[in-house]
Amino acid sequence: MAQVVVILADLTLTHTPLQIHVSLLWKLRDFLPNYSFTYFHLYTLTMRDHTTNKIHPVTEVNIKSVASPPHASSSLRDHLRPPSPPPQMKAKRGFSCCKCLCWSLSILITLIIIIGATIGILYLVFKPKIPQYSVDRLTISQLTLNLDFSLYARFNVQITAINPNKKIGIYYQKGSRLSVWYKNTNLCQGSLPVFYQGHQNKTVLNVALAGQNQYGRTLLAAIQEQQQTGRIPLDLKVDVPVKIELGKLKLMKVRILGNCMLIVDSLSTNNKISIKATSCKFRLKL
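Residues numbered from 1 in each chain as written. Predicted model: local features only at pLDDT ≥ 70, side-chain atom pairs only at ≥ 80, totals over all residues. Heavy atoms only, no water.

Got a sec to walk through unusual backbone geometry? Specific residues and values, please.
Even without being a glycine, F149 presents a positive backbone phi close to 65°. Tracing the backbone shows F149 in the loop between β4 (132-145) and β5 (151-163). Here F149 falls in the partly exposed class, since its relative accessible area comes to 42%. One non-glycine residue with positive phi stands out, namely K183, at about 50°. Examined against the element boundaries, K183 turns out to sit in the loop between β7 (177-182) and β8 (185-190). Exposure remark for K183: the relative accessible area of 54% places this residue in the exposed category. (Helix = DSSP H or I, 4+ residues; strand = E, 2+ residues; numbered from the N terminus. Buried < 20%, exposed > 50% of the residue type's maximum accessible area, 1.4 Å probe, protein only.)

This is the structure:
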């Protein structure tokens, strides 16, 4: 433990009381709790004994044995603690955060307005329309029951695709899917070829569809029973990825989703099948 020697001097002609020196020493001990003190009292003699000055060690007061008051360390920490920021600085920080948030919202709203205005201008200039599709003919080249009682079906579908847009071209991409369903049962599936369809173009597509169903015996019996009514419902589902061309600009890939409800008179192989009714709906999916 470090040691500090304290000398208190009385420069007046009278003696300073010892209690005052001890009180001052106690205050010093509050701020330096880890130090021990040796206390000396230097005083001058009275006029009658001014020829010599003496330094008297104070032995009556044992400073080392005096314990530091319990509030000494906390008092020192309070004096060493950095001052808290003034309220005005906190208010300025809050104002800066609010200002930054307002700027961010303003920029976001401006971007949304610009994007919306751009889309509106493009719509007015190009006037986009969804392509039109129709099922013109349906033939069945094979519908047989295999030895494992699975049903194998092979259909040929003729589809007409019309692009009614004057300034928009359509690129048909890989990954298209066409499928024929009978009462929630998939009979066969296929895909469209990859091609480009120009402005106001009409394209006739012949698509081969094939498939196999493991519940063939039950499915074939249900189809034959329905065929006796002369009205067999079929569902042609279309999922085609395409890219839209605006002038020389190609946009991102979108999907054309469609559903055509068909009513045919029979599903006999190698016979002409009459399509009695058709209802198609198509939409774009981003």
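Give me the state of the cysteines: which residues, what numbers.
Under the counting rule described, the total for this entry stands at one disulfide. Linked covalently through their sulfurs, C260 and C280 form a disulfide whose S-S length is 2.1 Å. Here C260 and C280 share a disulfide; its torsion about the S-S bond, 120°, makes the bridge right-handed. Residue C260 is found in strand β12 (residues 249-264), and its partner C280 is found in strand β13 (residues 275-285); the two are separated by 20 residues along the sequence. Under the relative-accessibility criterion, C260 is labelled buried at 2%. Overall, the relative accessible area of 29% leaves C280 in the partly exposed class. Free of any disulfide, C100 has its nearest neighbouring cysteine sulfur in C97, separated by 7.4 Å. (Disulfide = S-S within 2.5 Å.)

Describe a nonpolar patch on the surface, with residues and values.
On the surface, L101, L105, I109 and I113 cluster together into a nonpolar patch covering about 400 Å² of accessible area. If you trace the backbone, L105 turns up in helix α3 (residues 87-126). Judged by relative accessible area, L105 falls into the partly exposed class, the value being 44%. (Patch = residues over 30% accessible without salt bridge, like charges linked within 9 Å, V, L, I, M, F, W, Y side chains within 5 Å. Areas by Shrake-Rupley, 256 points an atom, 1.4 Å probe, with all protein chains shown as cover. Salt bridge = Lys/Arg side-chain N within 4 Å of Asp/Glu carboxyl O.)

Pulling in residues and values, what's your account of the side chain of S179?
For S179, the location among the structural elements is in strand β7. Among the polar contacts listed, one links the side chain of S179 to the side chain of W181, at a separation of 2.8 Å. (Polar contact = N/O pair within 3.5 Å; in protein donor to acceptor, adjacent residues only side chain to side chain.)

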